[in-house]
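One-letter residues, chain by chain:
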Amino acid sequence: MSRIGKKPVELVKGVSATLSGQTIEVKGPKGTRSFTAPDDVTLILEENSVTVKPRGLSKRARSMWGMSRSMVANLVTGVSTGFKKELEIQGVGYRAAAQGTGLKLSLGYSHDVNFVPPADVTVVAPKQTEIVVEGIDAQKVGQVAANIREWKKPEPYKGKGIRYKGEYVFRKEGKKK
(Lines give C-alpha, C1' and ligand atoms only; values in the text may rest on other atoms or scores of the structure.)
Protein backbone atom coordinates (compact mmCIF):
# COMPACT_ATOMS: atom_id res chain seq x y z
CA MET A 1 0.00 0.00 0.00
CA SER A 2 1.27 3.43 -0.90
CA ARG A 3 1.40 5.69 2.12
CA ILE A 4 1.61 8.77 -0.11
CA GLY A 5 -1.09 7.58 -2.53
CA LYS A 6 -3.67 7.00 0.21
CA LYS A 7 -3.80 10.67 1.22
CA PRO A 8 -6.25 12.87 -0.74
CA VAL A 9 -4.92 16.11 -2.23
CA GLU A 10 -6.76 19.06 -0.71
CA LEU A 11 -7.62 21.93 -3.05
CA VAL A 12 -6.74 25.14 -1.21
CA LYS A 13 -8.85 28.29 -1.40
CA GLY A 14 -8.69 29.92 -4.84
CA VAL A 15 -7.74 26.69 -6.64
CA SER A 16 -10.18 24.78 -8.85
CA ALA A 17 -9.74 21.49 -10.68
CA THR A 18 -11.49 19.89 -13.66
CA LEU A 19 -11.22 16.26 -14.64
CA SER A 20 -11.71 14.90 -18.16
CA GLY A 21 -10.79 11.25 -18.54
CA GLN A 22 -7.27 10.75 -17.21
CA THR A 23 -6.33 14.45 -17.48
CA ILE A 24 -6.69 16.82 -14.55
CA GLU A 25 -6.42 20.58 -15.06
CA VAL A 26 -5.78 22.78 -12.02
CA LYS A 27 -6.34 26.56 -12.11
CA GLY A 28 -5.14 28.98 -9.47
CA PRO A 29 -3.97 32.55 -8.94
CA LYS A 30 -0.52 31.86 -10.46
CA GLY A 31 -1.71 30.05 -13.60
CA THR A 32 -2.98 26.78 -15.03
CA ARG A 33 -1.28 23.38 -15.09
CA SER A 34 -2.44 19.95 -16.23
CA PHE A 35 -1.35 16.35 -15.75
CA THR A 36 -2.36 13.21 -17.62
CA ALA A 37 -2.37 10.25 -15.25
CA PRO A 38 -1.28 6.81 -16.48
CA ASP A 39 -3.95 4.17 -17.16
CA ASP A 40 -2.91 2.26 -14.03
CA VAL A 41 -4.63 4.75 -11.70
CA THR A 42 -8.03 6.40 -11.40
CA LEU A 43 -8.46 10.06 -10.47
CA ILE A 44 -11.54 10.94 -8.41
CA LEU A 45 -12.55 14.60 -8.03
CA GLU A 46 -14.65 15.50 -5.00
CA GLU A 47 -15.82 19.01 -4.00
CA ASN A 48 -12.48 20.17 -2.49
CA SER A 49 -10.07 17.25 -2.89
CA VAL A 50 -8.63 14.87 -5.46
CA THR A 51 -8.14 11.18 -4.64
CA VAL A 52 -5.96 8.76 -6.59
CA LYS A 53 -6.78 5.02 -6.58
CA PRO A 54 -4.84 2.16 -8.24
CA ARG A 55 -6.61 0.00 -10.87
CA GLY A 56 -5.08 -3.27 -9.71
CA LEU A 57 -2.38 -4.73 -7.53
CA SER A 58 0.45 -4.92 -10.07
CA LYS A 59 3.81 -3.42 -9.20
CA ARG A 60 3.43 -0.76 -11.90
CA ALA A 61 -0.05 0.25 -10.66
CA ARG A 62 1.21 0.61 -7.10
CA SER A 63 4.23 2.69 -8.14
CA MET A 64 2.13 4.93 -10.43
CA TRP A 65 -0.33 5.43 -7.54
CA GLY A 66 2.11 7.38 -5.32
CA MET A 67 3.73 9.16 -8.27
CA SER A 68 0.38 10.37 -9.63
CA ARG A 69 -0.70 11.64 -6.22
CA SER A 70 2.59 13.56 -5.88
CA MET A 71 2.18 15.07 -9.35
CA VAL A 72 -1.35 16.29 -8.54
CA ALA A 73 -0.12 17.73 -5.22
CA ASN A 74 2.67 19.57 -7.09
CA LEU A 75 0.09 21.02 -9.51
CA VAL A 76 -1.95 22.40 -6.60
CA THR A 77 1.14 23.80 -4.84
CA GLY A 78 2.46 25.32 -8.07
CA VAL A 79 -0.69 27.23 -9.02
CA SER A 80 -1.36 28.41 -5.45
CA THR A 81 2.06 29.35 -3.97
CA GLY A 82 4.62 28.41 -6.64
CA PHE A 83 8.07 26.88 -6.24
CA LYS A 84 11.32 28.64 -5.38
CA LYS A 85 15.00 27.63 -5.42
CA GLU A 86 17.65 29.92 -3.95
CA LEU A 87 21.29 29.86 -5.02
CA GLU A 88 24.24 31.68 -3.50
CA ILE A 89 27.53 32.62 -5.14
CA GLN A 90 30.82 32.46 -3.24
CA GLY A 91 34.16 33.61 -4.57
CA VAL A 92 36.10 36.82 -5.10
CA GLY A 93 34.77 38.61 -8.19
CA TYR A 94 31.90 36.16 -8.72
CA ARG A 95 28.60 38.01 -9.12
CA ALA A 96 25.19 37.88 -10.76
CA ALA A 97 23.01 40.67 -12.13
CA ALA A 98 19.52 40.56 -13.61
CA GLN A 99 19.57 41.66 -17.24
CA GLY A 100 16.08 41.95 -18.77
CA THR A 101 14.42 38.57 -18.30
CA GLY A 102 17.78 36.81 -18.11
CA LEU A 103 20.82 36.74 -15.89
CA LYS A 104 24.38 37.98 -16.39
CA LEU A 105 26.94 35.93 -14.45
CA SER A 106 30.58 36.89 -13.85
CA LEU A 107 32.23 33.64 -12.78
CA GLY A 108 35.93 34.13 -13.40
CA TYR A 109 35.81 33.16 -17.06
CA SER A 110 37.26 35.41 -19.77
CA HIS A 111 33.68 36.31 -20.71
CA ASP A 112 30.40 36.93 -18.90
CA VAL A 113 27.78 34.19 -19.03
CA ASN A 114 24.36 35.31 -20.27
CA PHE A 115 21.70 32.87 -19.04
CA VAL A 116 18.18 33.05 -20.52
CA PRO A 117 15.58 30.99 -18.59
CA PRO A 118 12.44 29.43 -20.13
CA ALA A 119 9.39 31.70 -20.50
CA ASP A 120 7.46 30.41 -17.46
CA VAL A 121 10.39 30.60 -15.00
CA THR A 122 11.58 33.89 -13.49
CA VAL A 123 15.17 34.41 -12.36
CA VAL A 124 16.05 37.41 -10.18
CA ALA A 125 19.22 38.50 -8.38
CA PRO A 126 18.25 40.46 -5.23
CA LYS A 127 21.94 40.79 -4.29
CA GLN A 128 25.10 40.29 -6.33
CA THR A 129 25.73 36.98 -4.57
CA GLU A 130 22.17 35.60 -4.54
CA ILE A 131 19.96 34.14 -7.27
CA VAL A 132 16.28 33.26 -6.84
CA VAL A 133 14.53 30.96 -9.35
CA GLU A 134 10.70 30.92 -9.20
CA GLY A 135 7.91 29.30 -11.19
CA ILE A 136 4.81 27.11 -11.07
CA ASP A 137 6.43 23.92 -12.42
CA ALA A 138 8.63 22.19 -9.82
CA GLN A 139 10.60 20.24 -12.43
CA LYS A 140 11.44 23.32 -14.53
CA VAL A 141 12.41 25.40 -11.49
CA GLY A 142 14.77 22.66 -10.29
CA GLN A 143 16.23 22.16 -13.77
CA VAL A 144 16.88 25.90 -14.29
CA ALA A 145 18.58 26.09 -10.86
CA ALA A 146 20.70 23.05 -11.75
CA ASN A 147 21.64 24.60 -15.13
CA ILE A 148 22.78 27.81 -13.42
CA ARG A 149 24.76 25.84 -10.82
CA GLU A 150 26.39 23.81 -13.61
CA TRP A 151 28.30 26.91 -14.84
CA LYS A 152 30.52 26.89 -11.74
CA LYS A 153 29.98 24.09 -9.22
CA PRO A 154 31.46 24.64 -5.75
CA GLU A 155 35.00 23.33 -5.61
CA PRO A 156 36.20 21.39 -2.51
CA TYR A 157 39.34 23.40 -1.62
CA LYS A 158 38.12 26.98 -1.22
CA GLY A 159 34.37 26.42 -1.69
CA LYS A 160 34.16 28.91 -4.57
CA GLY A 161 31.26 28.55 -6.98
CA ILE A 162 27.47 28.52 -7.16
CA ARG A 163 25.67 26.45 -4.55
CA TYR A 164 22.13 25.95 -3.32
CA LYS A 165 21.28 27.99 -0.24
CA GLY A 166 22.12 25.90 2.80
CA GLU A 167 24.09 23.31 0.79
CA TYR A 168 27.06 21.78 2.60
CA VAL A 169 30.22 21.58 0.50
CA PHE A 170 32.67 18.93 1.66
CA ARG A 171 36.03 20.65 2.07
CA LYS A 172 39.41 19.04 1.43
CA GLU A 173 42.70 19.90 3.04
CA GLY A 174 45.20 21.63 0.75
CA LYS A 175 48.86 20.78 0.14
CA LYS A 176 51.08 20.26 3.13
CA LYS A 177 54.34 22.21 3.31
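Residues numbered from 1 in each chain as written. Predicted model: local features only at pLDDT ≥ 70, side-chain atom pairs only at ≥ 80, totals over all residues. Heavy atoms only, no water.

## Concerning helix α3 (residues 138-150)
So, step 1. Taking 1.5 Å of rise per residue, 13 residues should cover 18 Å, and α3 covers 18 Å from first to last C-alpha, within 8% of that figure.
So, step 2. The complete set of buried residues in α3 reads V141, V144, A145, I148 and R149. Buried residues of α3, seen end-on, are gathered within an arc of 135° and therefore sit on one face of the element. Looking at α3, the residues exposed on the side facing more than 90 degrees away from the buried face are Q139 and E150.
So, step 3. The elements touched by buried residues of α3 are β7 (83-90), β9 (102-106), β10 (113-115), β11 (121-124), β12 (130-135) and β13 (161-164).
So, step 4. Capping the start of α3, D137 holds a side-chain oxygen 3.3 Å from the backbone nitrogen of Q139, two or three residues further along. (Helix = DSSP H or I, 4+ residues; strand = E, 2+ residues; numbered from the N terminus. Expected span 1.5 Å × (residues − 1). Buried < 20%, exposed > 50% of the residue type's maximum accessible area, 1.4 Å probe, protein only. Arc of directions from axis to C-beta. Contact = heavy atoms within 4.5 Å. Polar contact = N/O pair within 3.5 Å; in protein donor to acceptor, adjacent residues only side chain to side chain.)

## Regarding the UniProt feature "domain: Large ribosomal subunit protein uL6 alpha-beta" (unreviewed entry) in the protein
So, step 1. Per the UniProt record, the feature "domain: Large ribosomal subunit protein uL6 alpha-beta" (unreviewed entry) sits at residues 13-82 and 91-164.
So, step 2. Secondary structure across residues 13-82 comprises 31% helix and 40% strand; the distance between its end C-alpha atoms is 14 Å.
So, step 3. In residues 91-164, the share of helix is 18% and the share of strand is 36%. The end C-alpha atoms are 14 Å apart. (UniProt positions renumbered as here; feature names shortened; annotations may be inferred.)

## Looking at the pattern of salt bridges
So, step 1. This structure, assessed with the given rule, holds 10 salt bridges.
So, step 2. In this structure, K140 and D120 form a salt bridge, with 3.2 Å as the shortest nitrogen-oxygen distance. On the criterion of sequence distance, the pair formed by K140 in helix α3 and D120 in the loop between β10 and β11 is long-range, its members being 20 residues apart.
So, step 3. Relative accessible area serves as the criterion here: at 32%, K140 is assigned to the partly exposed category.
So, step 4. In this structure, the salt-bridge partner of K153 is E150, at a minimum N-O distance of 3.8 Å.
So, step 5. What emerges from the salt-bridge pattern is a single network uniting K84, E86 and K165. (Salt bridge = Lys/Arg side-chain N within 4 Å of Asp/Glu carboxyl O.)

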